[in-house]
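Overview (structure and organization)
Read off the chains here:
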Amino acid sequence: MIENELKKIEYTVLDFETTGISAKNSRAIEIGLVKILDGKITDTYSALINPESQIPYQITLLTGITNSTVRKSPIFNEIISEVASFIGNSPIIAHNSAFDLSFLKMEFQRAEFPEPKNISLCTVKLGKRLIPQLKSHNLTSVRNHFKIRENNTHRALDDAIVTAKIFLKYLEILEEEFNILDFANLHLFEKLPIARTKIKIGKKTLLDDFMKAEEKPGIYFFKDRKGEIIYIGKAKSIKKRVASYFLPTASSKAKEIVKNSSNLDFFHTNTELTALIAEAQLIKQHNPKMNYLLKKFTEAYFVKIDNSVSFPNLKSTLKFSFDGSDYFGPYSDRFTTADILDVANKTFQLRECTESEFKRKRICYLHAIERCFAPCELDVKIQYEKEILQVHEFLSGNNQTALKILLEKMQKFSEQMKFEEAAEYRDAIQKILKQLLKTAILKEPVNKAKVLIDIQGYNGNDVILLINGKMYINDFLKFRKNSVDETLSSFYDGDSQIENNLDPEDLERIKILLNWLVNHKHLAKFYYLSDFSSKDELYTNIENW
């Protein structure tokens, strides 16, 4: 799998609300900026702006922004340093970029500030090439096409967030259907006439094989004249993905693959997930000469409880391993993980210090405010172990105990007239009530999970069984000697012969599974084995098997 460089670039999405359509004669009244990196929104910035002129009535009707709304807001000169710092040197993305960039440049000129020279991309132009079936490519039409939820239309930050989500969708299409993986080819693609997105296949053998491809997920193989596999790839739609190799916009790597190929072959899977797993396994098996890089997965975050120490604390980590620790998650972003750690630390009395601080054996202020048992000095091993069990329950989604503890602490601080501290616990309660923990993929530690996952597919479902890090998939590449059914029978019969030895391939498959589920949880149903007394009871509850 060629690495997708586009996801490693930091982008800034820009949106303005203005007093009119001409940058020369109108002024900005609101700016929204969104940072994108690694397939996620990572930061935002917004500000109302005093235009030093009247806001037309029709603009107020459209945006809800009135003259009184911006009367005490800063003029653009006063926020220009913040705006310039946020944008930096990143490519600027905008929906109808000519409009937004004209206002950005004009406001910089008026402030006598160095005009931004950033490269830019327009999501309207991209949309006309990527989803030509839409009659209109305005923000509302594209948002509705991708079923993106909105908050307030015609407000700068909300529209910038929608544009960012659209751009991320476009990056997926560019990779899947056009095999565009670097910025140079993306920039070229945006400027190409729409007619040039048609494919052209010169070799008859490749054309004949291509005509057999279907719009189904699976694996495709490029083969040389000797029939040897020179490249293996996966796709949500094999036909669309393979077609991308024959586009004028194809990367130099893709063109080199086509140049050295004489034939194509395919096999289909039920879901993109099993295509991903098969791709990794087949690349290792065949070692094709043009598969330089295996896929690097989008980062996912975990909460780690290190069982190798006597008094573990909670840590956020990007690395998952079979090292004896318990890993909860994964979570899609660091902000969610930070919120979970914040709530857990305010609720439970685990230590929050580093290992070096712990070894100094000095009780800190957290013990005084009942946020730590102080195991550095006190004999609290039994209490600590019970607290760890409660943390496990909390991270598994059972938050009634946490709510009770937080409510008691909030009430205590209120009675002591410590309103600032009480407000902190109120905020923690609100995070729980917003169902913060439902963002986790699994309700059991990843390394100890015993769960059957039913994945919704195009031509049928994939059934995946996960037991203590071992993965079993029904009817898949002879993936394991034991089938899902046989392994379930062994589990409910109490058979101790179920495989327990974990190897690097197990770790890789788990990473593929979890990273895929972060963005596709809506396609999966989870059946935890502990919820059922027998295999038959489990089967009666599975809807599609």
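Residues numbered from 1 in each chain as written. Predicted model: local features only at pLDDT ≥ 70, side-chain atom pairs only at ≥ 80, totals over all residues. Heavy atoms only, no water.

On a plain count of helices and strands, the protein comes out with 21 helices and 15 strands. Here the C-alpha coordinates of the protein stretch approximately 75 × 70 × 45 Å along the principal axes. A burial count over the protein gives 51% of its 545 residues as buried. Pairs at least 24 apart in sequence give 67% of the contacts found in the protein among residues at least 6 apart. Counting only carbon and sulfur atoms, one obtains 49% of the accessible surface of the protein, whose full area is about 26800 Å². Of the side-chain charges in the protein, 77 are positive and 73 negative, and the distance between the mean point of each set is 5 Å. (Helix = DSSP H or I, 4+ residues; strand = E, 2+ residues; numbered from the N terminus. Buried < 20%, exposed > 50% of the residue type's maximum accessible area, 1.4 Å probe, protein only. Contact = heavy atoms within 4.5 Å. Areas by Shrake-Rupley, 256 points an atom, 1.4 Å probe, with all protein chains shown as cover. Lys, Arg positive; Asp, Glu negative; His and termini not counted. Charge placed at Lys NZ, Arg CZ, Asp CG, Glu CD.)

Spatially, three strands are ordered E7-E6-E8 in an open sheet, and the strand pairing comes out antiparallel. Whereas interior strands pair on both sides, the edge strands pair on one side only; in this sheet they are strand E7 (229-235) and strand E8 (263-268). Neighbour to neighbour, the strand axes of the sheet diverge by 20° on average, direction disregarded. Relative to the sheet, helix H12 (residues 272-286) contacts strand E6 (218-223), E7 and E8, its axis offset from that of E7 by approximately 165°. (Pairing = 2+ DSSP bridges. Axes fitted to C-alpha atoms, helices over the stretch in contact; angles between N-to-C directions.)

With that out of the way, let us pick up the sheet that holds strand E9 (residues 301-305). Overall, antiparallel pairing links the three strands, which are arranged E10-E9-E11 in an open sheet. Where the open sheet ends on each side, the last strands, each with one partner, are strand E10 (314-317) and strand E11 (326-331). Strand-to-strand, the axes of this sheet are offset by a mean angle of 25°, without reference to chain direction. With four bridges connecting them, E9 and E10 associate as antiparallel partners.

With that out of the way, let us pick up the pairing of strand E2 (residues 28-37). With nine of ten residues buried, E2 is to be regarded as a mostly interior element. Sheet topology note: the strand E1 (residues 11-18)/E2 ladder contains eight bridges and is antiparallel. Across the sheet, residue Glu17 finds its bridge partner in E2, namely Glu30. When E2 meets strand E3 (residues 40-48), the two strands line up antiparallel, connected through eight bridges. Following the sheet pairing, Glu30 is matched in E3 by Leu48.

Looking now at the packing of helix H3 (residues 76-87) against helix H4 (residues 97-110). Packing of H3 against H4 leaves a shortest axis separation of 10 Å and a crossing angle of 125°. Taken together, H3 and H4 sit at an angle that is classed as oblique. Crossing handedness for the pair H3 and H4: left-handed. Between H3 and H4, the residues in contact are Phe76, Ile80, Val83, Ala84 and Ile87 and Leu104, Glu107 and Phe108, respectively. Of the residues in the contact of H3 with H4, the class split is seven nonpolar, no polar and one charged. (Parallel < 35°, antiparallel > 145°, perpendicular 65-115°, else oblique. Left-handed = near helix turned anticlockwise from the far one by under 90°. Nonpolar A, V, L, I, M, F, W, Y, C, P; charged D, E, K, R; others polar.)

Our focus in this paragraph is unusual backbone geometry. Positioned with a positive phi, Asp38 is a non-glycine residue whose angle comes to about 60°. Counting through the fold element by element, Asp38 comes out in the loop between E2 and E3. The buried category is assigned to Asp38, whose relative accessible area is 10%. For Glu52, which is not glycine, the phi torsion reads 60° and is therefore positive. With respect to the secondary-structure elements, Glu52 resides in the loop between E3 and helix H1 (57-63). A relative accessible area of 56% places Glu52 in the exposed class.

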